[in-house]
Amino acid sequence: QLIAKLPRRHSSLLFQLRTGHAPLNKHLHRIAKAPSPICQQCRQREEMVHHFIITCPQYTRQRHTLQIELGPQTNHLKNLLNNPKCIKPLLRFIASTRRMEQIFGDI
């Protein structure tokens, strides 16, 4: 029901983020589609969903905007991916990073 009202590309991305099968380097490396699991933005850690949304230092500015909008909820990945009030701000955050643009277009 949460994703029923979203456009297909948004619901698809949300599902992929929830299952860990998003087009991020950790997953892409596991399926032999990326040479390394390391985040290409910060080159410090494996690029997993938690790293991309919560900790990557390269997206601090975009994350700050999300934090202003959602407050402390921003620090909890489960909340961001499942709370109906967080979904649209999360999608705006993802769009602002431009990380998924090549695959999902203009989110």
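Right, let's walk through the structure included here. Just so we're clear, the structure is a prediction, and the values are computed from it rather than from any experiment.

Reading the values: the criteria
- Residues numbered from 1 in each chain as written.
- Predicted model: local features only at pLDDT ≥ 70, side-chain atom pairs only at ≥ 80, totals over all residues.
- Heavy atoms only, no water.
- Helix = DSSP H or I, 4+ residues; strand = E, 2+ residues; numbered from the N terminus.
- Contact = heavy atoms within 4.5 Å.
- Core = buried A, V, L, I, M, F, W, Y, C linked by side-chain atoms within 4.5 Å.
- Buried < 20%, exposed > 50% of the residue type's maximum accessible area, 1.4 Å probe, protein only.
- Arc of directions from axis to C-beta.

### A closer look at the environment of Thr97
Part 1 of the reasoning: Position of Thr97 relative to the elements: it lies in helix H6 (residues 84-97).
Part 2 of the reasoning: In the structure, Thr97 is positioned 56 residues away from Gln41 in sequence and 10 Å away in space, judged by C-alpha atoms.
Part 3 of the reasoning: Once residues within four sequence positions are removed from consideration, Thr97 is found in contact with Phe52, Tyr59 and Gln62.

### Focus: unusual backbone geometry
Part 1 of the reasoning: Its identity is not glycine, yet Arg43 carries a phi of approximately 55°, on the positive side.
Part 2 of the reasoning: Take Arg43: it is sitting in the loop between helix H2 (25-30) and helix H3 (49-55).

### What to know about the nonpolar core
Part 1 of the reasoning: The biggest cluster of nonpolar side chains holds 26 residues, and the ones touching the most others in it are Leu17, Ile53, Leu80, Leu90, Ile94 and Met100.
Part 2 of the reasoning: Where this core is concerned, the elements lending two or more residues are helix H1 (8-19), H3, helix H4 (60-70), helix H5 (77-82) and H6.
Part 3 of the reasoning: The element contributing the most residues to this core is H6, with six residues.
Part 4 of the reasoning: Discounting residues that sit within four places of it in the chain, Leu17 has contacts with Ala22, Val49, Ile53, Leu81, Ile94 and Met100.

### Let's talk about H4
Part 1 of the reasoning: Buried within H4 are the following residues: Gln62, Arg63, Leu66 and Leu70. Each buried residue of H4 sits inside an arc of 95° when the element is viewed along its axis, so together they form one side. Turned more than 90 degrees off the buried face of H4, the exposed positions are Arg61, Thr65 and Ile68.
Part 2 of the reasoning: Along its buried surface, H4 packs onto H3, H5 and H6.
Part 3 of the reasoning: Just past H4, the residue Gly71 takes up positive phi, approximately 70°.

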